[in-house]
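Structure at a glance
For reference, the chains in residue letters:
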Amino acid sequence: MKRLTIALAALALSACSVGNLPKNLSRSMMNNDNPEVVAAGAPAYLLLLDALVLTYPHDEDFLLSASQLYGAYSGVFSRDPSQAQRMADKALEYATRGLCEYDDDACEAVELPQDDILTALDRHFDEDDIHVFYAYAAAKAGWIQANSSDWGAIAELGKTKALMQWVANIQPDYDQGTLQVYLGVMETQLPPSLGGRPEIGREHFEKALQYSDGKHLMAKVLYAKQYARLMFDQELHDRLLNEAIAADPEAEGLTLINHLAQSQATELLAESADFFE
(Lines give C-alpha, C1' and ligand atoms only; values in the text may rest on other atoms or scores of the structure.)
Protein backbone atom coordinates (compact mmCIF):
# COMPACT_ATOMS: atom_id res chain seq x y z
CA MET A 1 0.00 0.00 0.00
CA LYS A 2 2.89 2.36 0.82
CA ARG A 3 4.33 1.80 -2.65
CA LEU A 4 0.97 2.63 -4.26
CA THR A 5 0.77 5.87 -2.23
CA ILE A 6 4.26 6.86 -3.38
CA ALA A 7 3.32 6.09 -6.99
CA LEU A 8 0.17 8.20 -6.78
CA ALA A 9 2.11 11.08 -5.27
CA ALA A 10 4.63 10.87 -8.07
CA LEU A 11 1.84 11.17 -10.61
CA ALA A 12 0.96 14.59 -9.28
CA LEU A 13 4.48 15.87 -9.99
CA SER A 14 4.58 15.57 -13.75
CA ALA A 15 1.90 15.42 -16.42
CA CYS A 16 4.55 14.09 -18.80
CA SER A 17 5.22 11.17 -16.46
CA VAL A 18 1.51 10.40 -16.40
CA GLY A 19 1.49 10.00 -20.14
CA ASN A 20 4.34 7.50 -20.07
CA LEU A 21 3.22 5.52 -17.04
CA PRO A 22 0.85 2.94 -18.60
CA LYS A 23 3.31 1.86 -21.28
CA ASN A 24 6.15 1.74 -18.78
CA LEU A 25 4.05 -0.33 -16.38
CA SER A 26 3.30 -2.81 -19.13
CA ARG A 27 6.93 -2.97 -20.24
CA SER A 28 8.21 -3.47 -16.68
CA MET A 29 5.75 -6.31 -16.16
CA MET A 30 6.57 -8.04 -19.44
CA ASN A 31 10.30 -7.90 -18.64
CA ASN A 32 9.95 -9.19 -15.07
CA ASP A 33 11.36 -12.66 -14.47
CA ASN A 34 9.27 -13.40 -11.37
CA PRO A 35 5.59 -14.18 -12.11
CA GLU A 36 4.79 -14.38 -8.39
CA VAL A 37 5.96 -10.81 -7.84
CA VAL A 38 3.95 -9.57 -10.81
CA ALA A 39 0.85 -11.45 -9.64
CA ALA A 40 1.15 -9.88 -6.20
CA GLY A 41 1.70 -6.38 -7.55
CA ALA A 42 -0.80 -6.43 -10.42
CA PRO A 43 -3.87 -5.49 -8.33
CA ALA A 44 -2.17 -2.25 -7.29
CA TYR A 45 -1.38 -1.53 -10.94
CA LEU A 46 -5.02 -2.15 -11.82
CA LEU A 47 -6.21 0.34 -9.20
CA LEU A 48 -3.69 2.86 -10.47
CA LEU A 49 -4.89 2.53 -14.07
CA ASP A 50 -8.52 2.72 -12.94
CA ALA A 51 -7.65 6.03 -11.28
CA LEU A 52 -5.99 7.31 -14.45
CA VAL A 53 -9.03 6.35 -16.53
CA LEU A 54 -11.32 8.15 -14.07
CA THR A 55 -9.10 11.22 -14.29
CA TYR A 56 -8.69 11.11 -18.08
CA PRO A 57 -11.83 9.25 -19.27
CA HIS A 58 -11.37 10.17 -22.94
CA ASP A 59 -7.71 9.20 -23.29
CA GLU A 60 -7.60 6.13 -25.53
CA ASP A 61 -4.01 5.31 -24.53
CA PHE A 62 -4.97 4.99 -20.86
CA LEU A 63 -8.09 3.02 -21.76
CA LEU A 64 -6.19 0.58 -23.97
CA SER A 65 -3.38 0.15 -21.43
CA ALA A 66 -5.92 -0.59 -18.72
CA SER A 67 -7.61 -3.06 -21.03
CA GLN A 68 -4.32 -4.85 -21.68
CA LEU A 69 -3.52 -5.23 -17.98
CA TYR A 70 -7.02 -6.38 -17.03
CA GLY A 71 -6.92 -8.88 -19.89
CA ALA A 72 -3.51 -10.19 -18.83
CA TYR A 73 -4.62 -10.60 -15.22
CA SER A 74 -7.79 -12.42 -16.32
CA GLY A 75 -5.99 -14.82 -18.62
CA VAL A 76 -2.83 -15.47 -16.60
CA PHE A 77 -3.29 -14.81 -12.90
CA SER A 78 -6.98 -15.28 -12.09
CA ARG A 79 -7.61 -18.69 -10.55
CA ASP A 80 -11.31 -18.15 -9.88
CA PRO A 81 -13.49 -18.39 -13.05
CA SER A 82 -15.92 -15.73 -11.84
CA GLN A 83 -13.05 -13.33 -11.16
CA ALA A 84 -11.56 -14.09 -14.57
CA GLN A 85 -14.90 -13.24 -16.16
CA ARG A 86 -15.14 -9.94 -14.31
CA MET A 87 -11.60 -9.01 -15.29
CA ALA A 88 -12.23 -9.96 -18.92
CA ASP A 89 -15.45 -7.95 -18.93
CA LYS A 90 -13.55 -4.91 -17.66
CA ALA A 91 -10.80 -5.43 -20.26
CA LEU A 92 -13.36 -5.51 -23.07
CA GLU A 93 -15.19 -2.49 -21.68
CA TYR A 94 -11.98 -0.44 -21.61
CA ALA A 95 -10.92 -1.66 -25.06
CA THR A 96 -14.30 -0.77 -26.54
CA ARG A 97 -14.21 2.68 -24.99
CA GLY A 98 -10.66 3.18 -26.23
CA LEU A 99 -11.62 2.12 -29.75
CA CYS A 100 -14.61 4.49 -29.78
CA GLU A 101 -12.58 7.39 -28.40
CA TYR A 102 -10.01 6.73 -31.11
CA ASP A 103 -12.44 6.90 -34.03
CA ASP A 104 -16.23 6.81 -34.41
CA ASP A 105 -15.93 4.83 -37.65
CA ALA A 106 -13.77 2.24 -35.89
CA CYS A 107 -16.41 1.91 -33.20
CA GLU A 108 -19.03 1.20 -35.86
CA ALA A 109 -16.84 -1.09 -37.97
CA VAL A 110 -16.39 -3.76 -35.28
CA GLU A 111 -20.17 -4.04 -34.93
CA LEU A 112 -20.65 -4.94 -38.59
CA PRO A 113 -21.48 -8.50 -39.71
CA GLN A 114 -18.37 -10.67 -40.03
CA ASP A 115 -18.38 -10.64 -43.84
CA ASP A 116 -18.39 -6.83 -43.90
CA ILE A 117 -15.69 -6.10 -41.31
CA LEU A 118 -12.64 -6.60 -43.55
CA THR A 119 -14.21 -4.50 -46.33
CA ALA A 120 -14.89 -1.63 -43.93
CA LEU A 121 -11.41 -1.77 -42.40
CA ASP A 122 -9.69 -1.88 -45.80
CA ARG A 123 -11.74 1.09 -46.93
CA HIS A 124 -11.22 3.40 -43.97
CA PHE A 125 -8.10 2.29 -42.06
CA ASP A 126 -4.44 1.40 -42.60
CA GLU A 127 -1.22 0.47 -40.78
CA ASP A 128 -1.44 3.54 -38.54
CA ASP A 129 -4.59 2.13 -36.98
CA ILE A 130 -3.70 -1.51 -36.36
CA HIS A 131 -2.67 -1.02 -32.72
CA VAL A 132 -6.17 -0.05 -31.63
CA PHE A 133 -7.93 -2.84 -33.54
CA TYR A 134 -5.41 -5.37 -32.25
CA ALA A 135 -5.94 -4.21 -28.66
CA TYR A 136 -9.69 -4.52 -29.09
CA ALA A 137 -9.43 -7.96 -30.73
CA ALA A 138 -7.09 -9.21 -27.98
CA ALA A 139 -9.55 -8.07 -25.30
CA LYS A 140 -12.39 -9.72 -27.20
CA ALA A 141 -10.44 -12.98 -27.51
CA GLY A 142 -9.79 -12.97 -23.76
CA TRP A 143 -13.45 -12.25 -23.08
CA ILE A 144 -14.51 -15.18 -25.28
CA GLN A 145 -12.08 -17.46 -23.44
CA ALA A 146 -13.37 -16.35 -20.03
CA ASN A 147 -16.96 -16.92 -21.17
CA SER A 148 -16.38 -20.10 -23.16
CA SER A 149 -19.51 -21.76 -21.78
CA ASP A 150 -21.67 -18.98 -23.28
CA TRP A 151 -22.65 -19.65 -26.89
CA GLY A 152 -23.25 -15.94 -27.35
CA ALA A 153 -19.58 -15.33 -26.62
CA ILE A 154 -18.47 -18.20 -28.87
CA ALA A 155 -20.49 -16.65 -31.70
CA GLU A 156 -18.15 -13.63 -31.58
CA LEU A 157 -15.11 -15.76 -32.43
CA GLY A 158 -15.43 -15.32 -36.21
CA LYS A 159 -15.54 -11.53 -36.00
CA THR A 160 -12.58 -11.51 -33.63
CA LYS A 161 -10.58 -13.70 -35.98
CA ALA A 162 -11.44 -11.36 -38.87
CA LEU A 163 -10.00 -8.41 -36.93
CA MET A 164 -6.81 -10.32 -36.13
CA GLN A 165 -6.51 -11.41 -39.75
CA TRP A 166 -6.82 -7.82 -40.94
CA VAL A 167 -3.89 -6.85 -38.71
CA ALA A 168 -1.94 -9.86 -40.01
CA ASN A 169 -2.61 -8.84 -43.61
CA ILE A 170 -0.86 -5.53 -42.93
CA GLN A 171 1.85 -6.54 -40.45
CA PRO A 172 2.11 -10.32 -40.00
CA ASP A 173 4.90 -10.09 -37.39
CA TYR A 174 2.97 -7.69 -35.15
CA ASP A 175 3.58 -7.91 -31.40
CA GLN A 176 6.63 -10.20 -31.71
CA GLY A 177 4.54 -12.99 -33.20
CA THR A 178 1.82 -12.92 -30.54
CA LEU A 179 -0.70 -11.97 -33.24
CA GLN A 180 0.10 -15.27 -34.97
CA VAL A 181 -0.31 -17.15 -31.67
CA TYR A 182 -3.84 -15.75 -31.33
CA LEU A 183 -4.66 -16.88 -34.86
CA GLY A 184 -3.11 -20.30 -34.25
CA VAL A 185 -5.23 -20.85 -31.15
CA MET A 186 -8.40 -19.75 -32.94
CA GLU A 187 -7.82 -22.21 -35.78
CA THR A 188 -7.15 -25.16 -33.45
CA GLN A 189 -10.20 -24.94 -31.24
CA LEU A 190 -11.91 -27.79 -33.12
CA PRO A 191 -10.78 -30.94 -34.96
CA PRO A 192 -11.19 -31.04 -38.76
CA SER A 193 -14.28 -33.25 -38.43
CA LEU A 194 -16.07 -30.41 -36.61
CA GLY A 195 -14.94 -27.62 -38.92
CA GLY A 196 -11.60 -26.76 -37.36
CA ARG A 197 -8.57 -25.88 -39.48
CA PRO A 198 -5.64 -27.20 -37.43
CA GLU A 199 -3.17 -27.17 -40.33
CA ILE A 200 -3.83 -23.45 -40.80
CA GLY A 201 -3.30 -23.11 -37.07
CA ARG A 202 0.00 -24.93 -37.35
CA GLU A 203 1.13 -22.43 -39.98
CA HIS A 204 0.33 -19.56 -37.62
CA PHE A 205 2.30 -21.14 -34.77
CA GLU A 206 5.28 -21.66 -37.08
CA LYS A 207 5.08 -18.02 -38.15
CA ALA A 208 4.98 -16.91 -34.51
CA LEU A 209 8.24 -18.78 -33.89
CA GLN A 210 9.76 -17.39 -37.08
CA TYR A 211 8.85 -13.77 -36.29
CA SER A 212 10.12 -14.03 -32.71
CA ASP A 213 13.34 -15.83 -33.72
CA GLY A 214 12.16 -18.76 -31.59
CA LYS A 215 12.08 -16.60 -28.44
CA HIS A 216 8.29 -16.70 -27.95
CA LEU A 217 8.14 -19.76 -25.70
CA MET A 218 4.38 -19.54 -25.17
CA ALA A 219 4.04 -20.06 -28.91
CA LYS A 220 5.79 -23.43 -28.48
CA VAL A 221 3.62 -24.38 -25.51
CA LEU A 222 0.34 -23.50 -27.20
CA TYR A 223 1.53 -25.14 -30.42
CA ALA A 224 1.95 -28.34 -28.38
CA LYS A 225 -1.24 -27.94 -26.35
CA GLN A 226 -3.56 -26.79 -29.14
CA TYR A 227 -2.22 -28.49 -32.25
CA ALA A 228 -0.10 -31.51 -31.22
CA ARG A 229 -2.65 -32.75 -28.72
CA LEU A 230 -5.53 -32.16 -31.13
CA MET A 231 -3.73 -34.15 -33.83
CA PHE A 232 -2.43 -36.72 -31.31
CA ASP A 233 1.19 -36.10 -32.28
CA GLN A 234 3.23 -36.97 -29.18
CA GLU A 235 6.62 -36.62 -30.87
CA LEU A 236 5.90 -33.01 -31.85
CA HIS A 237 4.23 -32.31 -28.50
CA ASP A 238 7.19 -33.47 -26.42
CA ARG A 239 9.79 -31.86 -28.66
CA LEU A 240 8.14 -28.45 -28.45
CA LEU A 241 7.74 -28.62 -24.69
CA ASN A 242 11.31 -29.78 -24.11
CA GLU A 243 12.57 -26.95 -26.31
CA ALA A 244 10.53 -24.43 -24.29
CA ILE A 245 11.86 -25.77 -20.99
CA ALA A 246 15.49 -25.73 -22.18
CA ALA A 247 15.37 -22.24 -23.72
CA ASP A 248 16.64 -19.00 -22.20
CA PRO A 249 13.46 -17.18 -21.07
CA GLU A 250 15.04 -13.72 -21.07
CA ALA A 251 13.82 -11.73 -24.09
CA GLU A 252 12.71 -8.11 -24.41
CA GLY A 253 8.96 -7.91 -23.94
CA LEU A 254 8.60 -11.68 -23.51
CA THR A 255 10.42 -12.54 -20.27
CA LEU A 256 7.35 -12.80 -18.05
CA ILE A 257 5.30 -14.80 -20.53
CA ASN A 258 8.29 -17.06 -21.20
CA HIS A 259 8.65 -17.93 -17.51
CA LEU A 260 4.95 -18.72 -17.38
CA ALA A 261 5.31 -20.80 -20.54
CA GLN A 262 8.10 -22.86 -19.00
CA SER A 263 5.92 -23.64 -15.98
CA GLN A 264 3.07 -24.73 -18.24
CA ALA A 265 5.44 -26.77 -20.40
CA THR A 266 6.66 -28.71 -17.36
CA GLU A 267 3.07 -29.51 -16.35
CA LEU A 268 2.02 -30.55 -19.85
CA LEU A 269 5.10 -32.72 -20.33
CA ALA A 270 4.40 -34.54 -17.07
CA GLU A 271 0.95 -35.42 -18.42
CA SER A 272 2.19 -36.51 -21.83
CA ALA A 273 2.36 -40.27 -21.28
CA ASP A 274 -1.14 -40.41 -19.83
CA PHE A 275 -2.63 -38.14 -22.51
CA PHE A 276 -1.18 -40.06 -25.45
CA GLU A 277 -1.57 -43.62 -24.15
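What counts as what
- Residues numbered from 1 in each chain as written.
- Predicted model: local features only at pLDDT ≥ 70, side-chain atom pairs only at ≥ 80, totals over all residues.
- Heavy atoms only, no water.
- Axes fitted to C-alpha atoms, helices over the stretch in contact; angles between N-to-C directions.
- Helix = DSSP H or I, 4+ residues; strand = E, 2+ residues; numbered from the N terminus.
- Parallel < 35°, antiparallel > 145°, perpendicular 65-115°, else oblique.
- Left-handed = near helix turned anticlockwise from the far one by under 90°.
- Nonpolar A, V, L, I, M, F, W, Y, C, P; charged D, E, K, R; others polar.
- pLDDT = per-residue confidence, 0-100.
- Contact = heavy atoms within 4.5 Å.
- Disulfide = S-S within 2.5 Å.
- Buried < 20%, exposed > 50% of the residue type's maximum accessible area, 1.4 Å probe, protein only.

**Digging into the packing of helix α4 (residues 60-77) against helix α5 (residues 81-102)**
Viewed as axis vectors pointing N to C, α4 and α5 meet at an angle of 160 degrees, and their least axial separation amounts to 8 Å. One finds that α4 runs roughly antiparallel with respect to α5. Where α4 crosses over α5, the two elements pack in a sense that is left-handed. The residue makeup of the contact of α4 with α5, split by class, is 13 nonpolar, five polar and four charged.

**Side note on the confidence of the model for the chain**
When the pLDDT values of the chain are averaged, the result is 88; 92% of them are 70 or greater. Mean pLDDT values over the elements of the chain span from 47, in helix α1 (residues 2-11), up to 98, in helix α14 (residues 234-246). Within the model, the stretch residues 4-17 combines pLDDT values under 50 with eight contacts to residues more than four positions away or in other chains.

**Quick word on the state of the cysteines**
If you walk through the whole model with that rule in mind, you get one disulfide. Through a disulfide, Cys100 is tied to Cys107; the S-S separation comes to 1.9 Å. On the sign convention where negative means left-handed, the S-S torsion of about 60 degrees between Cys100 and Cys107 marks this disulfide as right-handed. Overall, Cys107 belongs to the partly exposed group, its relative accessible area being 23%.

**Notes on the packing of helix α8 (residues 130-146) against helix α11 (residues 178-187)**
At their nearest, the axes of α8 and α11 sit 12 Å apart, and the two run at 40 degrees to each other. In this structure, the crossing between α8 and α11 has a hand that is left-handed. Seen from α8, the contacting residues are Tyr134, Ala138 and Ala141; seen from α11, they are Thr178, Leu179, Tyr182 and Met186. Residues of the contact of α8 with α11, tallied by class, amount to six nonpolar, one polar and no charged.

**Topic: the environment of Ala228**
One can find Ala228 in helix α13 (residues 217-228). Placed 10 residues apart in sequence, Ala228 and Asp238 show a C-alpha to C-alpha distance of 8.9 Å. Excluding residues within four positions of it along the chain, Ala228 makes contact with Tyr223, Asp233, Leu236, His237 and Phe276.

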